[in-house]
Amino acid sequence: MSDYKPRLFIPGPTEVFPEVLEAMAGPVISHRGPEVQEVTADVFSQLKVLFGTTHPCYPALSAATGLMEAVVRNLSNKKILATVCGAFSERQYQIAVKNGKPVDALRVDPGLAVRPEMVADALSKGDYDLVTVVHSETSTGVLNPIEDIAKVVGEHDDVLLAVDCVSSLAGAPVKVDDWHIDVAFSGIQKALAMPPGLALFSVSPRAMERSLGMKNKGQYFDFEVFAKMAAKNQSPATINTSLLVALRFQLGRILAEGLENRWQRHQEMASYVRTRLSRFNLFPEADFMSPTVSVFRNETGINVGQLIDAVRKTGKLFGNGYGALKEKTFRIGHMGDLQMHHMEDFLDTFEDCLAATGA
Ligand SMILES: *Cc1c(COP(=O)(O)O)cnc(C)c1O
């Protein structure tokens, strides 16, 4: 791994190292029967450690967006409070709308974090049964204070909390039980450093109870079906068994590194990138910055698209701003299995290309 040259410095999908790819390359196994059951059982227990929970955790054959749909379908029959601080949390709000769920958006300007007081205020005014929050808003680089938001939500007995941990899980502390999160979900192509194709989620007993009473929740993402099949160490439909086998391998590597060490490594890479590029202002507000992605303001009129093309010619890729923030910002992902020396090497290239543009 030490002389391997990663290419992906975008905030997902992230670089997948050869040993993880090799773990996918064995013969395809049946999605039923003892072989897959053994793998699934291991993944179930590894996921509990990763999510910091005793609640059941499941892999799903889906992009993470599927689970954004799952949470509104399984968890709300009254009204949702969808906090919105950027493009991914906006997507969660839109998914509620498209599913015909009553929903209010609680919006903050991009770059700002959702504050617990705002959630408390909104909850005191409406008859909600679910709050949605993104942990690391990958489009703005903000890390929301989930623990504090969860405390506020916890003051309301029948309000559940669903948290999008797609670009935080395995790169920043996520503590489902300590923080009292009802459903936390993620993909595997961000800080888990795997190819895209599976999503992961935890379900609290309250959330499962809510799902049991829910009408019109469909089949594919019904939590009840996941629980029923999990009792047999299986998945509801044909899972991607190659990815599942690789997931067991990669979760083994992640837990062997140690979650605390992994979080620390991400924080160190973030600090390094921000220090070295300190001539650029950061987009997210201070004290609420995600350790997995740095979003910089482009205030000096750099042509970000051209800079990306120049860097791409060296075999490396970083990210333009997301959506409306394109060209106004640029994004560097420092997550997954990337190490400090990879970031050093990437920034050497980045600075060379930047200098060559005359900036
Ligand atoms: C990448 C990302 C998603 C979407 O993940 P998909 O697997 O593409 O559906 C959702 N939320 C956040 C915060 C993300 O970073």
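Residues numbered from 1 in each chain as written. Predicted model: local features only at pLDDT ≥ 70, side-chain atom pairs only at ≥ 80, totals over all residues. Heavy atoms only, no water.

*Asks:* Sorry, what's going on with the site of the ligand here?
*Replies:* Taken together, 14 residues are adjacent to the ligand, and T65, T138, D164, Q189 and K190 come closest. Note that an oxygen atom of the ligand is positioned 2.9 Å from one of the backbone N or O atoms of A64. With respect to the ligand, the side chain of T138 contributes an N or O atom lying 2.4 Å from an oxygen atom. Summarising the interface, the protein chains cover 89% of the accessible area of the ligand, which totals 390 Å² for the free molecule. Put simply, the parts of the chain that give the shell around the ligand at least two residues each are α3 (64-75) and α4 (87-98). Element by element, the count of residues in the shell around the ligand is highest for α3, at three residues. Here the shell around the ligand is built from residues that sort into six nonpolar, five polar and three charged. (Near = heavy atom within 4 Å. Polar contact = N/O pair within 3.5 Å; in protein donor to acceptor, adjacent residues only side chain to side chain. Areas by Shrake-Rupley, 256 points an atom, 1.4 Å probe, with all protein chains shown as cover. Helix = DSSP H or I, 4+ residues; strand = E, 2+ residues; numbered from the N terminus. Nonpolar A, V, L, I, M, F, W, Y, C, P; charged D, E, K, R; others polar.)

*Asks:* Explain the side chain of S290 to me, please; I cannot follow it from the model alone.
*Replies:* The residue S290 is located in the loop between α11 (259-276) and β11 (293-297) in this model. Taking relative accessible area as the criterion, S290 reaches 0% and is therefore assigned buried. A polar atom in the side chain of S290 sits 2.9 Å from the side chain of S136. Once residues lying within four places of it in the same chain are set aside, the contact partners of S290 are S136, G141, V142, L143 and R274. (Buried < 20%, exposed > 50% of the residue type's maximum accessible area, 1.4 Å probe, protein only. Contact = heavy atoms within 4.5 Å.)

*Asks:* Can you walk me through the environment of M194 in this structure?
*Replies:* Considering the arrangement of structural elements, one finds M194 in the loop between β9 (183-187) and β10 (199-203). For the pair M194 and T14, spaced 180 residues apart in the sequence, the C-alpha separation amounts to 7.3 Å. Excluding anything up to four places from it in sequence, M194 contacts V16, V20, I188, Q189, L243, A246, L247 and Q250.

*Asks:* Sorry, what's going on with the state of the cysteines here?
*Replies:* A disulfide bridge is the covalent bond that connects two cysteines by way of their sulfur atoms. Enumeration over the complete set of coordinates arrives at zero disulfides. With no disulfide partner, C57 has as its closest neighbouring cysteine sulfur the one in C165, 11 Å distant. Given a relative accessible area of 2%, C57 falls into the buried group. (Disulfide = S-S within 2.5 Å.)

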